[in-house]
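This is what each chain is made of:
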Amino acid sequence: MASSDMAGIEVPDGFRLHTERSSHILLSAGEAFLNPVQEFNRDTSVACIRVWSEELDKAKEARWIKGRDKKVAQKNASKKTKAEPSHLATDDGLSADLGMLEPAVAGTGNMSTSSSMASNSGNLAKLPEYQPYKFVILEALSATGLRSIRYAKEIPLVKSVIANDLSPAAVDVMKRNVKINGLGDATLSGSELPSPQDSRVRVEVNEGDACSLMYNHRELKRRVDVVDLDPYGTAAPFIDAAVQCVNDGGLLCVTCTDLAVLATTNFPEKCFSNYGGVPVKAEYCHESALRLLLHTISTSASRYGRFIEPLISLSIDFYIRVFVRIQTSPIEVKKALTKTSTFYVCTSCQSFHEQPLGKIVTKVNEASGNTSHSFKTHAGPLIPEKCTECESTLHLAGPMWSGPLHSPDFIGKVLVHLEANLDQYGTSARMKGMLTVAKEELQTPFYFTPTRVASFFHCTTPSLDDVASALLNGGHRISRSHACAGSLKTTATHRQLHDVFRSWVKLHPVKLDKVSEHSPTRRLLSKEPLSIANFAKHPDSVTPSAKVKLVRYQETPKNWGPGTRASSKTALKRKRSDGDPDEPSAKR
């Protein structure tokens with residue numbers, strides 16, 4: 001017997017109603033995949049896309065007003081030129097004509113004057129008003145459709161959302177969920193697109209291969225503004241299609257949950273085949289996972305004359321999530337060479353050495369003042385065969401993205417939006433904490449934890465405040481990292497960081513009776529510090545985010561983990577077998 005929920009939605013037998021903010025979906029066992037832990041992912045995505053859309057709309061409005069004012073000025077100048085011969089005879093006539101033209105040249109500065117002028121002359125039409133830019137979102141792997149429904153209901157400037165899935169069972173679930181949320185027709189064919197007069201936001205459900213759908217949207221007139229990839233596992237097979245179907249200035253949102261490949265060296269061959277690089281075996285492996293994903297997106301975009309601007313890159317629980325702006329610029333594509341590096345990573349003390357793939361040589365023409373850029377290969381390797389700190393073996397990692405992970409300016413705008421809309425996000429406390437830490441992060445690879453470094457020296461672990469103060473007193477900068485609790489990032493070299501711990505060992509001696517003669521620890525301790533660290537408390541040792549109560553690092557939540565796939569045999573995210581005669585084509 002069906003029951004009725006408090007939201008007024010009838011819940012059939014065998015189904016359960018899942019509510020997230022103002023969106024509702026009906027689920028039954030095995031129909032489609034939904035992970036409640038991903039609410040933080042969905043909340044963050046709503047906030048980021050909303051702020052991105054508002055910034056895009058402001059930029060478009062500024063360009064529109066500039067173009068309108070230019071046209072008005074040209075039109076008035078043309079009318080003035082035509083009117084001059086007929087008024088040369090009398091000064092009064094010329095003065096009257098100029099008096100009527102002056103307010104129009106002022107543009108939008110005085111709308112009431114312009115309106116009065118238009119009514120007096122009867123020839124000048126009222127200045128047009130800017131219409132906010134409405135944009136289209138494509139979610140290539142929608143499953144239940146909850147994310148698409150939330151986008152449609154919570155982001156004001158959305159025009160429509162295309163929700164796609166390969167599984168017929170998932171498509172049926174999406175149609176049902178779109179219907180109960182009142183978001184227009186569940187499925188639209190090409191002839192049933194919303195008319196310009198229809199201002200309702202629609203979720204258009206599509207059944208088909210995600211790559212085929214996105215390739216169908218790579219033509220300039222058919223491109224979408226936002227593409228969201230949130231697969232079960234790796235997003236690598238979908239990235240090439242995604243970077244082609246996004247408009248210039250559009251947003252690409254990508255999730256990868258295959259950290260067993262990205263954040264360990266258990267499957268280097270798989271990581272290389274998916275992401276074009278080799279992973280890192282070190283405590284900062286989650287940051288290297290982000291950089292490998294950004295490298296994949298960057299190289300895919302570069303093939304089509306496009307470049308990426310990472311706005312936010314987060315390592316969250318069991319997955320990574322990046323928000324990247326895609327734009328077209330030949331010179332910026334060339335600069336991607338200088339933002340890609342390989343790393344030599346020590347197997348013992350985790351010291352790393354960056355090897356950029358290229359460099360820019362800048363020349364300024366003395367006569368014209370113009371600047372020219374030429375791109376050169378980088379000399380290397382810059383290090384010996386063994387680690388300079390502990391003489392252990394070095395392993396190669398990368399190539400991977402070595403540019404900035406975040407845009408502090410964009411994160412600041414997201415935080416301002418979040419502060420004004422705390423009640424709209426169920427995970428607002430965690431969002432505020434993680435984004436605040438990410439905004440403060442130094443744009444340098446990688447982070448470390450005092451606990452891990454102390455283990456290399458077999459010494460007692462200094463507090464985070466002691467290590468931060470010593471580095472700051474030594475003239476270096478520090479920040480926290482969102483990717484790991486108790487971590488620090490610094491501009492100091494590994495030699496300078498290890499000298500801090502050597503200075504600490506002088507104050508807290510190490511017992512070497514149980515340390516092997518051939519241990520890397522003995523080689524680390526055998527070196528004298530170049531300078532003695534000062535552990536006096538530095539006023540900046542406590543970062544701004546640590547001075548207020550924020551949920552910076554989430555405890556392991558209930559039902560933590562990527563979960564399991566939907567039980568339906570056809571609930572695959574990529575391709576059906578070639579022998580399936582009922583395989584639907586991409587409709588949009």
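Residues numbered from 1 in each chain as written. Predicted model: local features only at pLDDT ≥ 70, side-chain atom pairs only at ≥ 80, totals over all residues. Heavy atoms only, no water.

**So, the confidence of the model for the protein**
Keep this limit in mind: Confidence of the prediction at every residue is given by pLDDT, a number between 0 and 100. By definition in these notes, contact holds between two residues if any of their heavy atoms fall within 4.5 Å.
Overall, the predicted model of the protein reaches an average pLDDT of 85, with 81% of residues at or above 70. Residue range residues 88–124 is modelled with pLDDT below 50. Its contacts to residues more than four positions away, or to other chains, number 31 contacts. Note on residues 188–197: pLDDT under 50 across the span, and 11 contacts to partners over four residues away in sequence or across chains.

**As for the state of the cysteines**
Going by this rule: Cysteine sulfur atoms are paired as a disulfide whenever they come within 2.5 Å of each other. The buried label applies to any residue whose accessible area, calculated with a 1.4 Å probe on protein chains only, is under 20% of its type's maximum; exposed applies above 50%, and partly exposed to all values in between.
Under the criterion given, the structure shown has 0 disulfides. Free cysteine Cys253: the closest other cysteine sulfur is in Cys48, separated by 7.6 Å. The closest cysteine sulfur to the non-disulfide-bonded Cys349 is located on Cys346, 3.7 Å from its own sulfur. On the basis of relative accessibility, which here comes to 3%, the residue Cys349 falls in the buried class.

**Description of helix H13 (residues 428–440)**
Test applied: A run of DSSP states H or I qualifies as a helix once it reaches four residues; a run of E qualifies as a strand once it reaches two. Both are numbered from the N-terminal end. Here the expected span of a helix is defined as 1.5 Å times the quantity of residues minus one.
In this model H13 runs 18 Å from its N-terminal to its C-terminal C-alpha over 13 residues, within 8% of the 18 Å that 1.5 Å per residue would give. Within the span of H13, buried status applies to Ser428, Arg430, Met431, Gly433, Met434, Leu435, Thr436, Val437 and Ala438. Check the buried side of H13 and you find it contacts helix H1 (39–83), strand S10 (306–316) and helix H12 (408–420).

**Some remarks on the pairing of strand S5 (residues 135–139)**
Selection rule: A pair of strands is labelled paired if DSSP reports no fewer than 2 bridges between them.
Burial analysis of S5 places 5 of its 5 residues in the buried class, which makes it a mostly covered element. Neither face of S5 is exposed, since Phe135, Ile137 and Glu139 on one face and Val136 and Leu138 on the opposite face are all buried. The sheet contact formed by S5 and strand S6 (residues 158–165) spans 5 bridges and is parallel. Bridge pairing in S6 places Ile137 opposite Val161.

**Remarks on the packing of aromatic side chains**
The cut-off we apply is this: Two aromatic rings from Phe, Tyr or Trp, using only the six-membered ring of Trp, form a pair when their centres are within 6.5 Å; if the ring planes differ by under 30 degrees the pair is stacked, by over 60 it is edge-to-face, and anything between is tilted.
Using the criterion set out here, one finds 10 aromatic pairs in the structure. Taken together, a centroid distance of 6.1 Å and an interplanar angle of 70° make the contact between Phe343 and Phe352 edge-to-face. The pair formed by Phe343 and Phe352 is uniform in burial state, with each residue classed as buried. Seen from their ring centres, Phe457 and Phe501 are 5.9 Å apart, and the 15° between their planes marks the pair as stacked.

**Things to note about the sheet that holds S5**
Rules: All axes here are fitted lines through C-alpha atoms, helices being fitted over the stretch that makes contact, and every angle between N-to-C directions spans 0 to 180 degrees.
The strand order across the open sheet formed by 7 strands is S7-S6-S5-S8-S9-S11-S10, and the pairing between neighbours is mixed. Two strands close off the open sheet at either side, each with one partner strand: strand S7 (202–207) and S10. On average, adjacent strands in this sheet sit at an angle of 15° to one another, irrespective of strand direction. The sheet contact formed by S5 and strand S8 (residues 224–229) spans 3 bridges and is parallel. Its bridge partner lying in S8, Ile137 is registered against Val226.

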